[in-house]
Amino acid sequence: MTGDGAPGRDGGVDVPCVRVPREEGEEMRQRLAERGALSGDYEIEVEDGTIYIPIEETAAIAIADDEAFEVVYRTPAPRETQTLPSDFLGFEPSYERLGDIAIVDEDDEATAREIAAAIVESDLPVETVVNRASPIEGDLRVRRWDVLVGQDTETIHREYGCEFELDIARVYFSPRLATERRRVVEQVEPDERFFDMFAGVGPFVVPAAGRGAECVGVDLNEAAIEYLRRNAERNGVADRVTAIHGDVREVDGYDDWADRIVMNLPHSADEFLDTAVRLADERCVLHYYDIQGADDPFGPGEEAIRAAAEPRYDVEVTTRREVRSYAPHELNVCLDVVLTRRG
Ligand SMILES: C[S@@+](CC[C@H](N)C(=O)[O-])C[C@H]1O[C@@H](n2cnc3c(N)ncnc32)[C@H](O)[C@@H]1O
């Protein structure tokens, strides 16, 4: 690395930038934004299929030893024209982006409307602004929204080179899980049999199929399954994706089938472990999501998996991962587990 805000080539200033392939640019920008690492003073640059995202010098030091970030020094153009919501508000609002939808989370309606107006006024490519109107509810895990600006709650979200069409009023989707999904998908081998028991619009299934796996995705929500089919087509993997609408406990024809199973229904996945064991082949990797108290986030999940799988299978927990904090003293976690059938 070179420079520390010193003059660079062409009389510009050397600025630390995170380098990523173009298709990973938006996901990386969001990750850096979540860490407060982005520099608002310089333009993001694209060159030969690679994106360079300017970051703060302090952030560059903080992530210097983290292999997930490649930092290089460049002389990007100073940002002169782009306005951000904070330019109008005088404070940094909290919001999430999902395609061309901005999602705010404000209890006070007047503040929510003020933020929405500033987002639309800014140069962000946003068409619709919504505020959370309910928690995630019911079996289908869908939230209600107050639409503050625009009308269309359907959008196209890009994540690690895949495109996902979805309607936030009809299906579950969380852009915050992108890094976790990437972690799982990177383990997928070509030709393996991949079964997502709670597939939603396909954020695990579609990239897994992209790696050459034969994929089955099941969901109780008919709208999610419609989007999953469309997303498989949109991303050119429809020939490797079977999308099934229904209760996964009632799906026939896949006993002893799966090399890998994803169970992302964190509040009640334990109720579906008998089904997971029925679907598992002789050796099967299980990605089991759970929400538990921070004092013992992994114990209850491991106990439930052992109760369902033993003695038919040997159970080896290979990864215990904190995905994110869910509520005060509650964690969303993932256990990666290898099930190996005995004798
Ligand atoms: C937390 S979401 C996860 C969706 C997707 N895996 C993702 O990461 O975006 C859980 C999904 O499970 C579905 N679901 C709930 N109960 C189900 C059941 N008995 N059988 C199949 N799907 C179910 C819901 O409709 C919802 O789409």
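Criteria and thresholds
Residues numbered from 1 in each chain as written. Predicted model: local features only at pLDDT ≥ 70, side-chain atom pairs only at ≥ 80, totals over all residues. Helix = DSSP H or I, 4+ residues; strand = E, 2+ residues; numbered from the N terminus. Rg over C-alpha atoms; globule rule 2.2 N^0.38 Å. Buried ≥ 20, exposed ≤ 12 C-beta atoms within 10 Å, placed from the backbone. Contact = placed C-beta atoms within 7 Å. Near = placed C-beta within 6 Å. Domains from an automatic or database assignment. Arc of directions from axis to C-beta. Pairing = 2+ DSSP bridges. Axes fitted to C-alpha atoms, helices over the stretch in contact; angles between N-to-C directions.

(A) The overall build of the protein, seen in detail. Summing up its helical and strand segments, the protein has nine helices and 17 strands in all. What you see for the protein is a C-alpha radius of gyration of 22 Å, in line with the 20 Å of a compact globule of 343 residues. Projected onto its principal axes, the C-alpha positions of the protein cover 70 × 45 × 45 Å. Expressed as a percentage of its 343 residues, the buried residues of the protein come to 36%. Across the protein, contacts joining residues at least 24 apart in sequence account for 60% of those joining residues at least 6 apart.

(B) Structural detail: the site of the ligand. As a structural note, the neighbourhood of the ligand is formed by 20 residues, with Phe198, Gly200, Leu220, Asn221 and Val248 the closest of them. Looking at which domains feed residues into the shell around the ligand, each of domain 2 (85-152) and domain 3 (172-341) gives three or more.

(C) Just helix α1 (residues 25-34), in detail. The complete set of buried residues in α1 reads Met28, Arg31 and Leu32. Each buried residue of α1 sits inside an arc of 95° when the element is viewed along its axis, so together they form one side. For α1, the secondary structure elements touched by its buried residues are β1 (15-21), β3 (50-54) and α5 (178-185). Gly36 sits one or two positions beyond α1 and adopts a positive phi of about 65°.

(D) How the structure looks around the sheet that holds strand β2 (residues 45-47). Here we have four strands laid out as an open sheet, ordered β2-β3-β1-β4, and antiparallel in their pairing. Sheet topology places β2 and β4 (71-74) at the edges, where each strand pairs with a single neighbour. Taking each pair of neighbouring strands and ignoring which way they run, the sheet shows an average axis angle of 35°. Note: β1 against β3, five bridges, orientation antiparallel. Its bridge partner lying in β3, Val20 is registered against Ile51.

(E) Summary view of the domain arrangement of the protein. Taken domain by domain, the protein consists of domain 1 (9-74), domain 2 (85-152) and domain 3 (172-341). The straight-line distance from the C-alpha centre of domain 1 to that of domain 3 is 32 Å.

(F) Highlighting unusual backbone geometry. At the junction of Glu310 and Pro311, the peptide bond is cis and its omega measures out at 5° in the coordinates. Among the structural elements, Pro311 can be located in the loop between α9 (299-309) and β16 (313-327). The phi dihedral of Tyr160 is positive, around 45°, even though this residue is not glycine. Within the secondary structure layout, Tyr160 lies in the loop between β9 (154-159) and β10 (162-167). For Tyr160, a count of 20 C-beta atoms within 10 Å gives the class buried. Phi is positive for Asp256, which is not a glycine, with a value near 60°. Of note, Asp256 is situated in the loop between β13 (241-245) and β14 (258-263).

(G) Main features of the sheet that holds strand β12 (residues 214-219). Read from one edge to the other, the open sheet built from seven strands follows the order β13-β12-β11-β14-β15-β17-β16, with strand pairing classed as mixed. Looking at the sheet topology across the chains shown, the edges are occupied by β13 and β16. Direction aside, the axes of adjacent strands within the sheet are offset by 15° on average. Running over the sheet, helix α7 (residues 222-234) touches β12 and β13 and is turned about 165° from β13.

(H) The arrangement of the pairing of β1 in detail. Most of β1 is tucked away: five of the seven residues are buried. As paired strands, β1 and β4 are joined by four bridges and run antiparallel to one another. From the neighbouring strand, Cys17 faces β4, where its bridge partner is Val72.

(I) Here's a closer look at the environment of Glu109. Mapped onto the elements, Glu109 comes out in helix α4 (residues 109-121). Residue Glu109 is classed as exposed on the basis of its 11 C-beta neighbours within 10 Å. C-alpha separation for the pair Glu109 and Leu148, spaced 39 residues apart in sequence, amounts to 9.6 Å.

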